[in-house]
There are 2 protein chains.
Amino acid sequence: MPEQPELTIQGWGPGGSRVARVEEAPDDDGDGSLELQADPDLSSALPRAARRHLARELGWTPRSTPAVRVGDIRLAPSRLPEDARAAMVALLGEENVATDDLSRLRRTGGRSYLDLLRRREGDASDAPDAVVTPGDTAETAALLALCAERGVVVVPFGGGTSVVGGLSGMDADDRPAVALDLRRMSGLHDLDLPSSLVTVGPGMRGPALEEALAPEGLTLGHLPQSFEFATLGGYAATRSAGQASTGVGRFDDLVAGLTLATPTGVLELGHPPASAAGPDLLGLALGSEGALGVITELRLRVRPKPRTTAYEGWSFRSWAAGLAGLQRLARHDLLPDVVRLSDPDETRANLLMAGGPGATALRAVLRGRGHGEGCLLVVGWEGLPTLVRARRRAAASVLREGGAVRAGRRVGESWRRHRFEAPYLRDRLLDSGLLVETLETAATWSALPVVYDAVRRALGRSLTRAGRRPLVLSHVSHGYPTGASLYVTVLADRNDDLPIQQWLAAKREATDALLAAGGTLTHHHAVGADHRPWLEREIGPLGVEVLRAVKQRLDPTGICNPGVLLPD
Amino acid sequence: MPEQPELTIQGWGPGGSRVARVEEAPDDDGDGSLELQADPDLSSALPRAARRHLARELGWTPRSTPAVRVGDIRLAPSRLPEDARAAMVALLGEENVATDDLSRLRRTGGRSYLDLLRRREGDASDAPDAVVTPGDTAETAALLALCAERGVVVVPFGGGTSVVGGLSGMDADDRPAVALDLRRMSGLHDLDLPSSLVTVGPGMRGPALEEALAPEGLTLGHLPQSFEFATLGGYAATRSAGQASTGVGRFDDLVAGLTLATPTGVLELGHPPASAAGPDLLGLALGSEGALGVITELRLRVRPKPRTTAYEGWSFRSWAAGLAGLQRLARHDLLPDVVRLSDPDETRANLLMAGGPGATALRAVLRGRGHGEGCLLVVGWEGLPTLVRARRRAAASVLREGGAVRAGRRVGESWRRHRFEAPYLRDRLLDSGLLVETLETAATWSALPVVYDAVRRALGRSLTRAGRRPLVLSHVSHGYPTGASLYVTVLADRNDDLPIQQWLAAKREATDALLAAGGTLTHHHAVGADHRPWLEREIGPLGVEVLRAVKQRLDPTGICNPGVLLPD
């Protein structure tokens, strides 16, 4: 089992410096590949043209705004009562109940822009009072019962990669809180080869599972941007989607069953391959974000490693043409396994950030074909060679009918090589005085253009200061027959006096706008603390009451991650 | 909109006689097609060889056991209090509140073997006290509130095709009950072409929807055996699967959203294309069987009508070889859109029932290749011609590696032509003194052979009388990467003194056996009244408590179909 490195406390990556996890060696030989560089130093992380573009668009002057030293982060003493601690030690052993500063800091919050701002400013007021590490379902259930009895809040902790405040630990009653670290439950428990099912602990991460499956020629294939650090239990608790989810399915689709330990007992959910025995209770545990209990085991669908993979780029003259092209593919079940359509602003930014003669040449070619303000589409195909060939041909014909032109294999391969790097780059941009955050939604094909316009308008309105507008880069990252997701990256000159308020106002406007336009509150980031105020708009007051009734039955004292999902 | 004929009161089909709904004209020119005949008269419904086979295997002598005349069915007077009736009339209008005998009889129970036995014997003790037909969501919600206030049980009624006692109307408190007929809510409300979404009323049936979609070149593609009579709302409430569900997905997969009217309010569920905004509440409404409220609108995913379809037969030497072949297809995502693997007993029975020189010739060919005790596999491919061709070729190579041999196109086409006919034949067999019932389950590929053996043993044990064994015919009807469904038809000499007890004992033994072996309680028939006693074994006591908590919130007085789903 490979080592599972912990995220640095104030940013992305193990230990605070970038460690490359790319599959292939860098490849920038100037013939069309798009390289997105990310390094501790901004000037080497971004080509000069990209820096100039950002400075011009945002009215931003790169400046050094470093994080405080980790040793200077303010941490209040643990509030866990000694008798509660002693009871936990009696249950789990001294070595599995930690109250030292470093253990607590490492399980403080997630990795949203707000989390990073707080940690960079030296604020750890949301730290847990202790870190507990149960070893199995029975210990977890006993621990939850103990915490319910003693009024201690429990926040499950996997990889710490939440970007929606999923680990906020907020509690209306201000009770002491423990982070329940899943790292001792990270083993592979069973592999049922004929049924393509693997049983794992929730603390296992994707790379460890892929390594364990490789000798059998199998893969899970779930590849979100957080792949290096996020846990399988976290994927289930947040209804994650990966970069190849258009093909392999959302994480929901990969979960055949799971065990949920709650303060009032243990639920065994899911009956593969399928059942009609009443409502789907497995679907209640997926997306429960720790608010109903702790996922202690998962049964996942695996598949043969694809015998062939092909990544390639296409270009559309406009965003509308790109969306129409994807919609036609979707309608005929011809979507690739990976699909990623950038809008004109993201396309321009990506080409500038790529730098190098290859990108310059590609830009010239696209301009020559009238695609100077166009949209790049990255697609990836995986599977049996004969089927990939047939699907690619059929899709290519649909894309060409929609006015798309090929942008080459290197565009696709370059994206693939750098697929996990954006969070590393974000740290460097934060160091230099920028606001950088993402948000995401999904909508039907009919509603998607309206949602896109609404979100851009709202962010532009909210983040424009003294005539300087933000840069809003968008792409479709997952396609479905009925619609698609929309992923938005926003960059702006940071308001160093009130950076948190600056983003909260923008997030509020953007969320109101996307909901009003018909988008969902979140396509794959979950609700967390950040989206709680809008949950009722998504599922209605009675929907919230149904969830409350379920929570009341499983967690009557409300100790399970009370800061997320359900509004107060 | 096509006429929606009502089912006859004591059997299958409109008005009690068979009406052919086949797409093509019958085609029995003796060159290999397998014809399954069904007629009012058993001697014309079954070829002599099949009758002889049944008589020999079952120790059964065909005898006339006709149903009582409809006019002789015993029906107690309506118990609906006059003030409740008046309130319903005030809400819905006189024409939408019926208490006459025929209206009540037509909404009595479903079409399980037990339902048919009762109705054939003249027992309608489970009849509703009235039939109400609200016209929209608001009227339905108001009616539910009214019934909650007055203590009147509500049983939603779609096509009346439940085979698990879904319409039993049983109530521990023995309150009066109304059938809430959905027929006034059967319109097409919206068609969002770019998003491939259609919005319909729950009382619409498959044929009507297909007719409405045809001009747009679209199809829903959900084709269960009950296709002619079942409603779209019923499919959602019972988590139906259709004959092509391996390809197009279970009905669950086709529901993008729905409206659920409950006694405490209306839920709007589902957010296409996908959402991560908390647990999946849509999945709570699917399979809720009327116990949480009434589905009053559905948003369904449609798709282009397939440009090509190809049905064909294959043969395996043994059941084990057949299962292994399907499992290999499933592992590589090469399963056809329709897949139907019959075990040796069902294969033999089907070939005998087909009769004619074509079937005789096919039997001889299969014997000559060592497949005399083999298993027939019917597969169907649908979609774009180039993709169907690539998938068929890849699958054919996997099937041949597994020892399968082609049995020809006519085997597939004949199955397709007669796909909805079995329930008509059942009526004729019931007329002749037979016990005929089906049950179904699903299991992982690893567990499936064990489940198969266990169910056959249990049925054999329970239904053997005086040395005469039942005939147990099984097939896999739906494939998944992780496992498959198993559909079992059982025939036996009926115990005319205690026919209900005879089947209840067999059902109990078979269900205990399949659950112990790792099967699910039901793959696509739902829980109803018949499977209620076992729900706790499937989802655990805490799972049942979670469902009770949801029901308590939405239906605090327990008026919503209290006879199904949740154990008393």
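Since we're looking at a predicted model, the values are computed, not measured.

Asker: How would you explain the UniProt feature "active site" (unreviewed entry) in chain A if you had to name every residue and give the values?
Answerer: All names here are of chain A. Mapped onto the present numbering, the UniProt feature "active site" (unreviewed entry) falls at Y487. Assessed through its relative accessible area of 13%, Y487 is described here as buried. Separated by 3.4 Å, the side chains of Y487 and T438 make a polar contact.

Asker: Run through the packing of aromatic side chains, naming residues and quoting values.
Answerer: All names here are of chain A. Summed over the entire model, instances satisfying the criterion amount to 12 aromatic pairs over all chains. Summarising the aromatic geometry, the rings of W12 and F229 are spaced 5.4 Å apart at their centres and angled 85° between planes, so their arrangement reads as edge-to-face. With W12 in the segment before α1 (42-45) and F229 in the loop between β7 (218-219) and α8 (232-238), this pair connects stretches of sequence that are 217 residues apart. Accessibility classification places W12 together with F229 in one group, the buried group.

Asker: Can you break down the sheet that holds strand β10 (residues 294-301) of chain A residue by residue, with the values?
Answerer: Pairing within the open sheet is antiparallel, and its five strands lie in the order β5-β6-β10-β8-β9 (chain A). Two strands lie at the open edges of the sheet, namely β5 (188-192) and β9 (265-269) of chain A, each paired on one side alone. On average, each strand axis in the sheet is inclined to that of its neighbour by 10°, with strand direction left out of account. Packing against the sheet, helix α6 (residues 137-150) of chain A makes contact with β8 (255-262), β9 and β10 of chain A, and its axis sits at approximately 40° to β8(A). Seen against the sheet, helix α20 (residues 535-554) of chain B touches β8 and β9 of chain A and runs at an angle of roughly 90° to β9(A).

Asker: Which residues make up the relation of the copies chain B and chain A, and what values go with them?
Answerer: In screw terms, the move from chain B to chain A is a rotation of 180° and a rise of 0.0 Å along the axis, fitting with an RMSD of 0.0 Å. These values place the two chain copies in the arrangement generated by a two-fold rotation axis. The overlap is high: 100% of the interface residues of chain B also sit at the interface in chain A, so the same surface is used on both sides.

Asker: Which residues make up the domain arrangement of chain A, and what are the values?
Answerer: All names here are of chain A. For chain A, the assigned domains are domain 1 (188-304) and domain 2 (308-419). The centre of domain 1, based on its C-alpha atoms, is set 30 Å off from the matching centre of domain 2. Taken together, the contact pairs seven residues of domain 1 with seven residues of domain 2. Interface area for domain 1 against domain 2, summed over the two sides, is near 600 Å², with a carbon-plus-sulfur share of 46%. Here domain 1 and domain 2 share zero salt bridges between them.

Asker: Report on helix α5 (residues 113-121) of chain A, specifying residues and quantitative values.
Answerer: Working note: α-helix, 3.6 residues per turn, so residues spaced by three or four point in the same direction. Residue and element names in this part refer to chain A. With seven of nine residues buried, α5 is to be regarded as a mostly interior element. Taken together, the buried residues of α5 touch α17 (422-431), β16 (434-444) and α19 (499-516). Looking one or two residues past α5, G122 carries a phi angle of roughly 95°, positive in sign.

Asker: Please set out the pattern of salt bridges residue by residue, giving values where relevant.
Answerer: The tally for this structure, following the rule as stated, stands at 82 salt bridges over all chains. Sharing partners across several salt bridges, the network here consists of R63(A), R465(A), R468(A), D493(A), R494(A) and D496(A).

Asker: Any chance you could break down the pairing of β9(A) for me, citing the residues and the numbers?
Answerer: Residue and element names in this part refer to chain A. In this sheet, β9 lies alongside β8 in antiparallel orientation, the contact comprising five bridges. What sits directly across from L260, in β9, is L267. Following β8, the chain reverses through two residues before pairing antiparallel with β9.

Asker: Could you give an account of the interface of chain B and chain A, with specific residues and numbers?
Answerer: Across the contact, 82 residues belong to chain B and 82 residues belong to chain A. For the chain B and chain A pair, buried surface summed over both sides reaches about 6200 Å², with 63% attributable to carbon and sulfur atoms. At the boundary of chain B with chain A, the tally comes to six salt bridges. R303(A) is the partner of D333(B) in a salt bridge, and the nearest nitrogen-oxygen pair spans 3.6 Å. Between the two partners, chain B and chain A, sit 30 residue pairs in polar contact (both at pLDDT 80 or more). The greatest single-element share of the side of chain B that touches chain A, amounting to 12 residues, is contributed by α20(B). Its residues assigned to classes, the side of chain B that touches chain A shows 39 nonpolar, 27 polar and 16 charged.

Asker: Go over the packing of helix α5 (residues 113-121) of chain B against helix α17 (residues 422-431) of chain B, please, and point to the residues and values.
Answerer: Residue and element names in this part refer to chain B. Put simply, α5 and α17 touch, their axes get as near as 12 Å, and they point 50° apart. By the angle between their axes, α5 is oblique relative to α17. For α5 against α17, the interelement crossing comes out right-handed. Together, Y113, L116 and R120 of α5 and R426, D427, L430 and D431 of α17 make up the contact between the two elements.

Asker: Give a detailed account of the environment of R553(A), specifying residues and quantitative values.
Answerer: With respect to the helices and strands, the residue R553(A) is situated in helix α20 (residues 535-554). Taking the C-alpha atoms as reference, R553(A) lies 9.7 Å from T262(A); in sequence the two are 291 residues apart.

Asker: Describe the nonpolar core, naming the residues involved and giving the relevant values.
Answerer: Ranked by internal contacts, the top residues of the largest apolar core, which has 250 residues, are L459(A) and L459(B). Beyond its immediate stretch of four places on either side in the chain, L459(A) contacts L439(A), P470(A), V472(A), V488(A), V490(A), W503(A), A506(A) and A510(A).

Asker: So, the confidence of the model for chain A: which residues are in play, and what are the values?
Answerer: Residues and elements named next belong to chain A. Here chain A shows a mean pLDDT of 93. Residues at 70 or above account for 95%. Below a pLDDT of 50 lies the segment residues 16-40, which in the model reaches 65 contacts outside its immediate sequence neighbourhood of four places, other chains included. Across the interfaces of the predicted complex, the ipTM metric reaches 0.94, alongside a pTM of 0.95.

Asker: Any chance you could break down helix α15 (residues 385-401) of chain A for me, citing the residues and the numbers?
Answerer: Helix length check: α15(A) (17 residues) gives 24 Å between terminal C-alpha atoms against 24 Å at 1.5 Å per residue, within 8%. Residues L387(A), V388(A), A390(A), R391(A), A394(A), A395(A), A396(A), V398(A) and L399(A) constitute the buried set of α15(A). Each element contacted by the buried residues of α15(A) is listed here: β12 (308-316), α12 (319-331), β14 (375-383) and β15 (405-408) of chain A together with α15 (385-401) of chain B. In the stretch just after α15(A), G403(A) is the one whose phi turns positive, near 90°.

Asker: An account of the packing of α5(B) against helix α19 (residues 499-516) of chain B is needed here, citing residue identities and associated values.
Answerer: All names here are of chain B. The N-to-C vectors of α5 and α19 enclose an angle of 175°; their axes lie 10 Å apart at closest approach. Between α5 and α19, the interaxial angle falls into the category roughly antiparallel. Between α5 and α19, the contacting residues are Y113, L114, L117, R118 and E121 on the first element and P499, I500, W503 and L504 on the second. Of the residues belonging to the contact of α5 with α19, the class tally is seven nonpolar, no polar and two charged.

Asker: Just give me the short version of the sheet that holds strand β18 (residues 483-493) of chain A, but keep the residues and values in it.
Answerer: All names here are of chain A. Taken in spatial order, the seven strands line up as β15-β12-β14-β13-β17-β18-β16 in an open sheet, and their pairing is antiparallel. Edge positions in the sheet fall to β15 and β16, since each of these pairs with one other strand and no more. Geometrically, the sheet is characterised by an average inter-axis angle of 25° between neighbouring strands, direction not taken into account. In the sheet, strand β13 (residues 338-342) pairs with strand β17 (residues 471-476) via two bridges, with the strands oriented antiparallel. Within β17, the residue paired with L341 across the bridge is V476.

Asker: Residues and numbers for unusual backbone geometry, please.
Answerer: Of the consecutive residues P272(A) and P273(A), the connecting peptide bond is found in the cis state with omega at 5°. Along the chain, the position of P273(A) falls in the loop between β9 and α11 (282-285). Despite not being glycine, D174(B) shows a phi value in the positive range, around 55°. By the secondary structure assignment, D174(B) is in the loop between β3 (153-157) and β4 (177-181). Classification of D174(B) by relative accessible area gives exposed; the value is 53%. For S196(B), which is not a glycine, the phi torsion comes out positive at approximately 55°. On the secondary structure map, S196(B) appears in the loop between β5 (188-192) and β6 (197-200).

Asker: Go over the side chain of T296(A) with me, naming the residues and quoting the values.
Answerer: Residue and element names in this part refer to chain A. Within the secondary structure, T296 sits in strand β10. In terms of polar contacts, T296 uses its side chain to reach the side chain of T137, at 2.8 Å. Residues within four places of T296 in sequence aside, it is in contact with T137, T140, M185, G201, P202, T259 and A261.

Cut-off values and rules
Residues numbered from 1 in each chain as written. Chains lettered and ligands numbered in written order. Predicted model: local features only at pLDDT ≥ 70, side-chain atom pairs only at ≥ 80, totals over all residues. Heavy atoms only, no water. UniProt positions renumbered as here; feature names shortened; annotations may be inferred. Buried < 20%, exposed > 50% of the residue type's maximum accessible area, 1.4 Å probe, protein only. Polar contact = N/O pair within 3.5 Å; in protein donor to acceptor, adjacent residues only side chain to side chain. Phe/Tyr/Trp six-rings, centres within 6.5 Å; stacked < 30°, edge-to-face > 60°. Helix = DSSP H or I, 4+ residues; strand = E, 2+ residues; numbered from the N terminus. Pairing = 2+ DSSP bridges. Axes fitted to C-alpha atoms, helices over the stretch in contact; angles between N-to-C directions. Contact = heavy atoms within 4.5 Å. Least-squares fit on C-alpha atoms with pLDDT ≥ 70 in both. Domains from an automatic or database assignment. Buried area = accessible area lost by both parts, 1.4 Å probe. Salt bridge = Lys/Arg side-chain N within 4 Å of Asp/Glu carboxyl O. Nonpolar A, V, L, I, M, F, W, Y, C, P; charged D, E, K, R; others polar. Parallel < 35°, antiparallel > 145°, perpendicular 65-115°, else oblique. Left-handed = near helix turned anticlockwise from the far one by under 90°. Core = buried A, V, L, I, M, F, W, Y, C linked by side-chain atoms within 4.5 Å. pLDDT = per-residue confidence, 0-100. Expected span 1.5 Å × (residues − 1).

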